[in-house]
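The chain contents come next:
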Number of protein chains: 4
Amino acid sequence: MIVVMKTDAAEGEIINVQKRVRELGFKDSLIKGVERTVIAVLGGVYPELVDEFSVMDGVDTVLRVSKPYKLASREVNPYDTVVSVGDLKIGAGKGLVVMAGPCSVDTEEYVMNTARGVRDAGAHMFRGGAFKPRTSPHSFEGHGVKGLGLLAKAKAETGLQIITEVVDPRDVEVVCETADILQIGSRNGQNFSLLKEVGRTNKPVLLKRGMWATVEEWLLAAEHVLNQGNNKVILCERGIRTFETATRFTFDINAIPLVKRLSHLPIMADPSHSTGKWYLVEPVAMAAVAAGADGLLVEVHASPDHALSDGAQSLTPANFAVLMAKLRVLGEALGRPLQPAETKAPATT
Amino acid sequence: MIVVMKTDAAEGEIINVQKRVRELGFKDSLIKGVERTVIAVLGGVYPELVDEFSVMDGVDTVLRVSKPYKLASREVNPYDTVVSVGDLKIGAGKGLVVMAGPCSVDTEEYVMNTARGVRDAGAHMFRGGAFKPRTSPHSFEGHGVKGLGLLAKAKAETGLQIITEVVDPRDVEVVCETADILQIGSRNGQNFSLLKEVGRTNKPVLLKRGMWATVEEWLLAAEHVLNQGNNKVILCERGIRTFETATRFTFDINAIPLVKRLSHLPIMADPSHSTGKWYLVEPVAMAAVAAGADGLLVEVHASPDHALSDGAQSLTPANFAVLMAKLRVLGEALGRPLQPAETKAPATT
Amino acid sequence: MIVVMKTDAAEGEIINVQKRVRELGFKDSLIKGVERTVIAVLGGVYPELVDEFSVMDGVDTVLRVSKPYKLASREVNPYDTVVSVGDLKIGAGKGLVVMAGPCSVDTEEYVMNTARGVRDAGAHMFRGGAFKPRTSPHSFEGHGVKGLGLLAKAKAETGLQIITEVVDPRDVEVVCETADILQIGSRNGQNFSLLKEVGRTNKPVLLKRGMWATVEEWLLAAEHVLNQGNNKVILCERGIRTFETATRFTFDINAIPLVKRLSHLPIMADPSHSTGKWYLVEPVAMAAVAAGADGLLVEVHASPDHALSDGAQSLTPANFAVLMAKLRVLGEALGRPLQPAETKAPATT
Amino acid sequence: MIVVMKTDAAEGEIINVQKRVRELGFKDSLIKGVERTVIAVLGGVYPELVDEFSVMDGVDTVLRVSKPYKLASREVNPYDTVVSVGDLKIGAGKGLVVMAGPCSVDTEEYVMNTARGVRDAGAHMFRGGAFKPRTSPHSFEGHGVKGLGLLAKAKAETGLQIITEVVDPRDVEVVCETADILQIGSRNGQNFSLLKEVGRTNKPVLLKRGMWATVEEWLLAAEHVLNQGNNKVILCERGIRTFETATRFTFDINAIPLVKRLSHLPIMADPSHSTGKWYLVEPVAMAAVAAGADGLLVEVHASPDHALSDGAQSLTPANFAVLMAKLRVLGEALGRPLQPAETKAPATT
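Note that the structure is a prediction, hence the values are computed from the model and not measured.

**A word on the overall build of chain A**
So, point 1. Scanning chain A for helices and strands turns up 10 helices and 14 strands.
So, point 2. Taking the principal axes of its C-alpha atoms as reference, chain A extends roughly 90 × 45 × 40 Å.
So, point 3. Out of the 349 residues belonging to chain A, those deemed buried represent 66%.
So, point 4. Nonlocal contacts in chain A, meaning residues at least 24 apart in sequence, comprise 69% of its contacts between residues at least 6 apart.
So, point 5. Accessible surface, chain A: about 11200 Å² in total, of which carbon and sulfur atoms supply 50%.

Structure below.
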């Protein structure tokens with residue numbers, strides 16, 4: 001930590017800062033520059049210190065030198081984490097993984113048709129929301145436990161493993177019975193009670209970026225899960241909130257390679273929520289993979305104009321098949337081909 | 001809802017939209033403009049319809065005409081809501097209310113000294129976090145239930161009513177035992193499980209704006225509480241996330257009069273989190289009141305450079321007393337004076 | 001400047017950084033912390049150095065210690081600058097100054113009626129755009145030189161001094177003939193050719209904040225003017241671009257006291273563009289003054305629903321008179337009353 | 001245009017809106033919904049009307065139906081524009097074009113070495129700034145006309161055509177003598193005087209997105225150029241300003257396919273300014289191409305740690321050659337291979 005003094009800081013103010021540093025058990029190193037004095041604070045500095053020192057008399061600003069996240073950082077763990085889900089391996093360039101399905105679990109017919117459709121197109125996992133965080137209380141909020149049953153049924157028939165969202169710490173246990181991956185949605189990106197609760201399970205956790213979260217805050221959210229002992233964390237970029245309103249969110253493509261550099265955790269991409277428009281999903285999915293994403297989370301619905309949520313951003317099974325064909329070519333060209341999908345083939349007649 | 005067709009939409013595409021409108025039980029009105037055709041959809045339109053229609057062939061965009069929040073809107077309830085907390089009346093220009101205290105409840109000595117300090121300066125309520133949402137798992141996360149005990153003690157001595165944050169739906173019951181107002185923090189601004197849970201109590205709820213939330217989304221979050229039957233909702237602007245990093249957040253002063261126009265709910269302001277710097281708290285507090293805020297939530301700590309969180313933005317009791325003196329003058333000038341504070345006087349010796 | 005090395009930086013990489021520091025004529029100070037080494041660079045560091053060092057092997061990040069603006073900073077000039085325009089004194093708490101008038105100069109009748117209206121209500125200066133930057137080329141772009149003539153006529157009759165925008169470096173000379181203050185609009189907030197050109201005049205310059213500019217970048221824009229020898233710079237907060245779309249921009253109220261602390265330059269506020277809605281102008285104007293603004297720039301039009309631009313955010317002369325009455329009370333309460341307006345009284349009949 | 005009345009609008013207010021519509025020569029169509037009345041306005045509506053009607057009594061909001069840009073829109077011109085520069089064809093999937101070179105033209109040695117390096121790696125054009133907009137007046141601002149001479153020399157030797165920035169309308173003529181493409185930088189993205197001036201030339205114009213500009217405003221900026229008769233406009237996404245500070249800007253990958261859908265103009269990508277870090281340039285460049293960009297503008301410097309600007313984001317010629325090799329593979333896989341580069345081979349010895 002570096003304490004930058006004001007250009008007109010008094011000698012006594014500088015001494016006071018040094019005293020406080022030593023009082024707290026740290027070492028200090030004084031550097032007198034041309035314009036001003038700075039004091040380096042050495043030792044196991046904790047985040048609150050920045051605040052403490054910044055209010056002292058004569059202090060201009062306090063600069064942090066260490067990264068606030070540890071367990072999620074590559075400095076602590078330089079080797080890529082690989083999260084296994086059945087035979088799938090997510091991370092470390094092990095080959096692309098695609099999870100697809102409807103935003104929310106609605107009717108049995110749509111769910112089963114969508115599951116079959118994405119299975120046939122080569123998807124690796126099935127996604128679908130039973131518990132839905134909805135901006136308006138007047139919107140459809142999911143079928144809850146009954147929806148989990150439909151997901152289990154889709155898994156039984158297609159062999160696709162299940163990723164589904166959990167929104168309440170009290171539901172973690174029941175969701176774990178059906179889910180192969182627990183999804184934490186963007187709106188819960190700093191719901192620390194929930195993050196801790198999923199951190200106490202041994203299920204893989206897909207952690208979407210809060211739409212307001214810096215990459216640093218996102219890695220700190222992952223740290224909340226890791227800190228409970230669950231190291232199976234998969235990050236997922238899903239778009240951030242910006243001034244641009246022509247798309248639902250702004251997909252932060254820079255974040256993909258940046259996270260790869262700062263952290264050892266796998267990172268996936270959600271081109272559906274980040275764009276909000278089905279016709280932007282394919283190009284943004286391709287871009288995310290070209291930038292280094294380990295996989296994709298894509299909304300597909302058997303009948304988007306009858307979806308109870310997010311119809312505008314859902315691909316039809318036919319459009320999803322086109323995307324998968326293009327991903328196959330792209331993955332080969334990049335040396336990161338699609339992983340084999342271990343699904344149950346449709347019954348032949 | 002207005003469905004705007006593309007300039008080159010085919011006749012059949014227009015007819016299909018009309019068919020779907022009628023199939024869903026709504027009426028339609030076709031308007032042929034110079035450039036394109038638009039179709040007005042009449043009836044109790046629900047939010048999902050926008051998505052449904054926007055993916056239909058030939059549709060350019062779908063414009064919403066109705067506001068998505070109802071219970072929070074002035075169109076449904078034109079009269080200002082007044083939330084009573086003991087003798088205090090919040091809202092409807094009933095006079096300013098100031099809630100002050102430390103970010104987090106730390107030591108008994110600091111808590112009691114701060115409580116006495118803000119009481120002496122004329123504060124109406126005491127704030128302090130027992131349960132703290134912290135960005136890093138390595139930061140101090142509050143004393144929990146033990147912290148609630150310290151708040152109760154502060155109330156017993158000073159007579160100041162208590163506002164404190166709840167972060168987990170499982171804690172709502174225990175927090176209700178001590179809190180006179182339940183605070184929902186910015187990071188839980190779209191934690192719908194929590195919003196519903198506090199909506200099932202009969203305690204006043206102070207709902208901070210999510211740092212990413214539009215005013216519309218914030219009113220929808222309030223709608224989640226109102227929809228459960230609890231109509232004692234107080235909104236609190238606390239700064240939004242923008243590109244400006246010289247301050248912790250950007251206080252959205254426009255939101256104060258805008259919310260007053262759109263909603264009947266009281267609105268308060270938090271000049272501490274929205275600035276992140278103690279020396280900006282007074283001018284922004286004054287501004288919020290001049291813009292029409294019904295009250296303030298201010299961080300005060302007996303010794304900011306020893307605070308376990310948010311020291312940089314905390315006022316000392318002395319600075320807080322200066323702020324209160326200025327608010328007294330400002331409130332008088334604006335015709336919205338500080339309400340009388342019903343606190344227990346310090347014991348005379 | 002502080003060069004922060006990676007935790008695993010090699011000894012040779014550290015030595016290379018030191019060598020480069022000395023090669024460039026600076027001194028270095030090496031500090032070995034628990035986690036990593038940092039190297040302080042001492043001497044007249046220039047901004048490009050941050051970039052140069054950040055690409056060196058073994059370097060994690062480079063932190064800037066000095067502020068990049070000098071002439072605009074309070075560290076270089078601790079005393080408040082006062083800009084005089086005729087008898088008016090802007091800055092240093094000299095009393096509020098209000099500049100009002102239409103967004104663009106349209107018809108003679110409207111211009112003269114508006115000028116008379118704002119004069120009667122107590123405004124100090126008349127604003128109006130002859131050259132207008134318009135987002136669309138299909139919008140009205142102002143009357144140019146002819147518009148300047150109308151402003152001169154309004155001045156002749158009312159005695160109100162004139163502030164008007166200049167958008168092209170080639171127009172600076174002609175605009176100087178009529179303008180008492182040159183206005184630089186938000187879209188030209190980093191048009192450095194234009195900033196230099198107005199810096200070469202001896203006219204006061206009102207510099208609106210770029211809607212994308214941090215406070216630091218805004219002060220650097222001022223530095224471009226100051227650096228040419230013109231020290232009569234008045235800053236004007238006019239709202240920044242954020243994700244909130246319910247208002248045209250987000251007025252950054254924090255910026256008012258922050259600029260006062262960082263810079264000696266006067267700062268005014270534009271509550272019209274920053275809100276985009278006439279009914280928000282009064283509360284935001286009051287807030288800006290309560291936060292410490294030295295004055296206001298307000299759009300007023302004799303007939304807002306016939307304005308050729310920005311009608312939605314223009315006050316009528318009647319509403320403006322109400323605002324002035326409230327400012328009179330507020331200014332008195334704050335100890336910064338409205339300055340006397342040196343205008344020509346209407347001819348009595 | 002749709003005028004949405006308040007739910008409690010009086011009959012007289014509705015009639016007044018209709019009257020005004022007819023007074024202005026438009027037709028109106030009244031639709032009475034369940035909650036409120038809306039009035040469609042038919043005819044050649046201009047942008048100012050939105051403002052005019054939004055201030056009328058009883059009006060809640062006014063919704064725009066038409067797009068404000070015409071010449072840039074696919075509705076007016078459905079066929080992809082191809083901009084030719086010598087033998088290069090930019091747009092319409094004609095194959096990738098890469099423009100590379102230093103941020104600013106500094107020493108002759110660096111310029112020539114960089115030009116040779118990017119030529120050898122297969123670049124199609126040479127970029128370099130002679131006139132530089134710099135945030136600080138204390139930064140290097142380019143060599144001006146002398147810099148143009150160095151660019152001409154680089155062209156003479158390598159055969160690479162030149163793209164360079166123009167920042168002042170008074171410089172357009174001189175820059176045209178050397179430039180094969182005129183570049184408009186982000187900070188001048190709404191400098192309408194400059195946009196008009198380049199619109200009066202017959203040179204291709206590469207128009208970078210203003211860092212604050214919505215896609216709609218960006219297309220309107222293009223409209224300013226097109227409106228002067230110059231239809232050789234190439235758009236270039238270069239990152240927008242968001243709350244994320246870990247990267248210099250946020251590359252808006254969504255904008256690439258969105259612009260392709262809304263406009264017929266070619267679109268390129270600048271992965272250097274949008275990331276600010278050289279190690280993010282390659283993945284973001286790959287992503288932009290995968291998303292559909294017609295080409296890239298990349299910063300390359302023979303010695304990034306001695307660059308006078310933007311060293312941190314510049315590739316070395318060696319890293320650039322790696323990028324070109326990867327683009328070759330990616331372009332083939334996507335069916336949009338790199339165009340042949342018509343450059344002069346280095347003299348053999």
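**Details of empty space enclosed by the protein**
So, point 1. Inspection of the entire model under this criterion finds three cavities of 30 Å³ or more.
So, point 2. When its volume is computed, the largest cavity comes out at roughly 150 Å³.
So, point 3. Lining of the largest cavity is provided by 19 residues; of these, Thr-242 and Phe-243 of chain B, Thr-242 of chain C together with Thr-242 and Phe-243 of chain D occupy positions nearest its centre.
So, point 4. Class assignment for the residues of the lining of the largest cavity results in 11 nonpolar, four polar and four charged.

**As for the interface of chain D and chain C**
You'll often see interface size given as the accessible area lost when the parts meet.
So, point 1. With 51 residues of chain D in contact, the opposing surface of chain C contributes 51 residues.
So, point 2. Between chain D and chain C, a total of about 4200 Å² is buried, with carbon and sulfur atoms accounting for 51% of that surface.
So, point 3. Taken together, the links from chain D to chain C amount to four salt bridges.
So, point 4. A salt bridge links Glu-197 of chain C to Arg-170 of chain D; the nearest nitrogen and oxygen atoms lie 3.1 Å apart.

**Considering the domain arrangement of chain A**
So, point 1. Parsing chain A into structural domains produces domain 1 (2-63) and domain 2 (83-334).
So, point 2. On a C-alpha basis, the centroid separation for the pair domain 1 of chain A and domain 2 of chain A is 45 Å.

**Focus on the pairing of strand E2 (residues 27-32) of chain B**
All names here are of chain B.
So, point 1. Two elements, E2 and strand E3 (residues 37-42), share six bridges in a ladder whose sense is antiparallel. If you follow Ile-31 over to E3, its bridge partner there is Val-38.
So, point 2. The loop that links E2 with its antiparallel partner E3 comprises four residues.

**Topic: the interface of chain A and chain C**
So, point 1. Contact residues are listed per partner, giving 28 residues for chain A and 28 residues for chain C.
So, point 2. Taken together, chain A and chain C are joined by six salt bridges.
So, point 3. With a closest N to O distance of 3.0 Å, Lys-70 of chain A and Glu-35 of chain C form a salt bridge.
So, point 4. Elements with a contribution of two residues or more to the side of chain A that touches chain C: strand E1 (2-5), strand E2 (27-32), strand E3 (37-42) and strand E4 (59-63) of chain A.
So, point 5. Looking at the side of chain A that touches chain C residue by residue, the classes come out as 10 nonpolar, seven polar and 11 charged.

**Considering the sheet that holds strand E2 (residues 27-32) of chain D**
Residues and elements named next belong to chain D.
So, point 1. Strand order in the open sheet made by the four strands is E2-E3-E1-E4, with antiparallel pairing throughout. This sheet does not close on itself; its edge strands, each paired only once, are E2 and strand E4 (59-63). Each strand axis lies, on average, 20° off the axis of its neighbour in the sheet, ignoring direction.
So, point 2. The strands touched by helix H1 (residues 11-23) are strand E1 (2-5), E2, strand E3 (37-42) and E4; relative to E2, the strand with the most contacts, the crossing angle is about 155°.

**Focus: the relation of the copies chain A and chain C**
So, point 1. Mapping chain A onto chain C calls for a rotation angle of 180° and an axial translation of 0.0 Å; the resulting RMSD is 0.0 Å. The superposition operator between the copies reduces to a two-fold rotation axis. The position closest to the rotation axis in chain A is occupied by the C-alpha of Phe-243 of chain A, lying 2.1 Å away.

**Considerations on the relation of the copies chain D and chain C**
So, point 1. At an RMSD of 0.0 Å, chain D and chain C line up after a rotation of 180° and a shift of 0.0 Å along the axis.
So, point 2. A shared interface surface links the copies, since 100% of the contact residues of chain D are contact residues in chain C too.

**Focus on the sheet that holds strand E11 (residues 205-208) of chain A**
Within a sheet, each strand pairs with its neighbour through backbone hydrogen bonds, oriented either parallel or antiparallel.
Residues and elements named next belong to chain A.
So, point 1. Pairing is parallel in the closed barrel, where eight strands are placed in the order E7-E8-E9-E10-E11-E12-E13-E14. Between one strand and the next, the sheet's axes are offset by a mean angle of 25°, whatever the strand orientation.
So, point 2. The pairing of strand E8 (residues 125-127) with strand E9 (residues 161-165) spans three bridges and is classified as parallel. By the bridge assignment for E9, Met-125 is matched with Gln-161.

**Quick notes on the packing of helix H9 (residues 278-290) of chain B against helix H10 (residues 317-334) of chain B**
Residues and elements named next belong to chain B.
So, point 1. Following both chains from N to C, one finds H9 and H10 inclined at 15°, their axes separated by 10 Å at the closest point. One way to sum up the angle between H9 and H10 is to call them roughly parallel. Judged by the sense of rotation from one axis to the other, the crossing of H9 with H10 is right-handed. Note on element contacts: H10 touches H9 through Asn-319, Val-322, Leu-323, Lys-326, Leu-327, Leu-330 and Leu-334, opposite Trp-278, Glu-282, Ala-285, Met-286, Val-289 and Ala-290.
So, point 2. Residues belonging to the contact of H9 with H10 are distributed by class as follows: 10 nonpolar, one polar and two charged.

**As for the packing of aromatic side chains**
So, point 1. On inspection of all chains with the given rule, the structure shows six aromatic pairs over all chains.
So, point 2. Where Trp-212 of chain A meets Trp-212 of chain B, the ring centres are 3.8 Å apart and the plane angle is 20°; that geometry is what we call stacked. Of this pair, Trp-212 of chain A sits in the loop between E11 and helix H7 (215-226) while Trp-212 of chain B sits in the loop between strand E11 (205-208) and helix H7 (215-226), which puts the two residues in different chains.
So, point 3. On the accessibility criterion, Trp-212 of chain A (1% relative accessible area) is buried.
So, point 4. We note Arg-238 of chain B situated over the ring of Phe-249 of chain B; from NZ or CZ to the ring centre the distance is 4.1 Å.

**Focus: the pattern of salt bridges**
So, point 1. Considering all chains together, one arrives at 108 salt bridges over all chains under this definition.
So, point 2. Put simply, Glu-35, Arg-36 and Asp-60 of chain A together with Lys-67, Lys-70 and Glu-75 of chain C are held in one network by salt bridges that share partners.

**Quick notes on helix H8 (residues 255-262) of chain C**
So, point 1. Buried within H8 of chain C are the following residues: Ala-255, Ile-256, Pro-257, Leu-258 and Val-259 of chain C.
So, point 2. Residues of H8 of chain C that are buried sit in contact with H9 of chain B together with helix H7 (215-226), strand E12 (233-237), strand E13 (267-269) and helix H9 (278-290) of chain C.

**Let's talk about the side chain of Arg-119 of chain C**
Residues and elements named next belong to chain C.
So, point 1. Inspection of the secondary structure puts Arg-119 in helix H3 (residues 108-121).
So, point 2. Of the polar contacts made by the side chain of Arg-119, one reaches the backbone oxygen of Lys-344; its length is 2.7 Å.
So, point 3. Here Arg-119 is in contact with Glu-157, Thr-158, Leu-160, Thr-343, Lys-344, Ala-345 and Pro-346, once residues within four sequence places are set aside.

**Thoughts on the packing of helix H3 (residues 108-121) of chain D against helix H10 (residues 317-334) of chain D**
Residues and elements named next belong to chain D.
So, point 1. With their axes 9 Å apart at the nearest point, H3 and H10 run at an angle of 20° to one another. Our classification of the angle between H3 and H10 gives roughly parallel. For the crossing formed where H3 meets H10, the hand is right-handed. For the pair H3 and H10, the contacting residues are Gly-117, Val-118 and Ala-121 in the first and Pro-317, Phe-320, Ala-321, Met-324 and Arg-328 in the second.
So, point 2. Of the residues assigned to the contact of H3 with H10, the class counts are six nonpolar, one polar and one charged.

**Let's talk about the pairing of E1 of chain A**
Residues in a regular strand project their side chains so that they alternate between the two faces of the sheet.
Residues and elements named next belong to chain A.
So, point 1. In E1, alternate side chains face the same way, and those of Ile-2 and Val-4 on one face and Val-3 and Met-5 on the other are all buried.
So, point 2. Bridge count for E1 against E4 is four bridges, and the pairing is antiparallel. Among the inter-strand pairings, Met-5 is bridged to a residue of E4, identified as Val-59.
So, point 3. As paired elements, E1 and E3 share three bridges and run antiparallel to each other. In the sheet register, Ile-2 faces E3, and the bridge partner there is Ala-40.

**Brief notes about the confidence of the model for chain A**
So, point 1. Summary statistics for chain A give a mean pLDDT of 93 and a share of 99% for residues scoring 70 or more.
So, point 2. Interface confidence in the predicted complex, given as ipTM, is 0.95; pTM for the same model is 0.96.

**Considerations on helix H6 (residues 192-199) of chain B**
So, point 1. Burial of H6 of chain B is extensive: seven of the eight residues sit out of reach of the surface.
So, point 2. Here the buried face of H6 of chain B lies against helix H5 (172-178), strand E10 (181-184), E11 and H7 of chain B.

**Re the environment of Val-281 of chain A**
Residue and element names in this part refer to chain A.
So, point 1. Tracing the sequence through the fold places Val-281 in helix H9 (residues 278-290).
So, point 2. With relative accessibility at 0%, the residue Val-281 sits in the buried group.
So, point 3. Taking C-alpha positions, Val-281 is 19 Å from Thr-242, a pair spaced 39 residues apart along the chain.
So, point 4. Look past the residues within four positions of Val-281 in its chain and what remains in contact with it is Pro-271, Ser-272, Thr-275, Val-298, Gln-313 and Leu-315.

Basis of the calculations
- Residues numbered from 1 in each chain as written.
- Chains lettered and ligands numbered in written order.
- Predicted model: local features only at pLDDT ≥ 70, side-chain atom pairs only at ≥ 80, totals over all residues.
- Heavy atoms only, no water.
- Helix = DSSP H or I, 4+ residues; strand = E, 2+ residues; numbered from the N terminus.
- Buried < 20%, exposed > 50% of the residue type's maximum accessible area, 1.4 Å probe, protein only.
- Contact = heavy atoms within 4.5 Å.
- Areas by Shrake-Rupley, 256 points an atom, 1.4 Å probe, with all protein chains shown as cover.
- 1 Å grid on protein atoms, 1.4 Å probe; cavity = no way out; pocket = protein on both sides within 12 Å on 5 of 7 lines; lining within 4 Å.
- Points joined across faces, edges and corners; volume = space filled by probe spheres on them.
- Nonpolar A, V, L, I, M, F, W, Y, C, P; charged D, E, K, R; others polar.
- Buried area = accessible area lost by both parts, 1.4 Å probe.
- Salt bridge = Lys/Arg side-chain N within 4 Å of Asp/Glu carboxyl O.
- Domains from an automatic or database assignment.
- Pairing = 2+ DSSP bridges.
- Axes fitted to C-alpha atoms, helices over the stretch in contact; angles between N-to-C directions.
- Least-squares fit on C-alpha atoms with pLDDT ≥ 70 in both.
- Parallel < 35°, antiparallel > 145°, perpendicular 65-115°, else oblique.
- Left-handed = near helix turned anticlockwise from the far one by under 90°.
- Phe/Tyr/Trp six-rings, centres within 6.5 Å; stacked < 30°, edge-to-face > 60°.
- Lys NZ or Arg CZ within 6 Å of the ring centre and 35° of its normal.
- Polar contact = N/O pair within 3.5 Å; in protein donor to acceptor, adjacent residues only side chain to side chain.
- pLDDT = per-residue confidence, 0-100.

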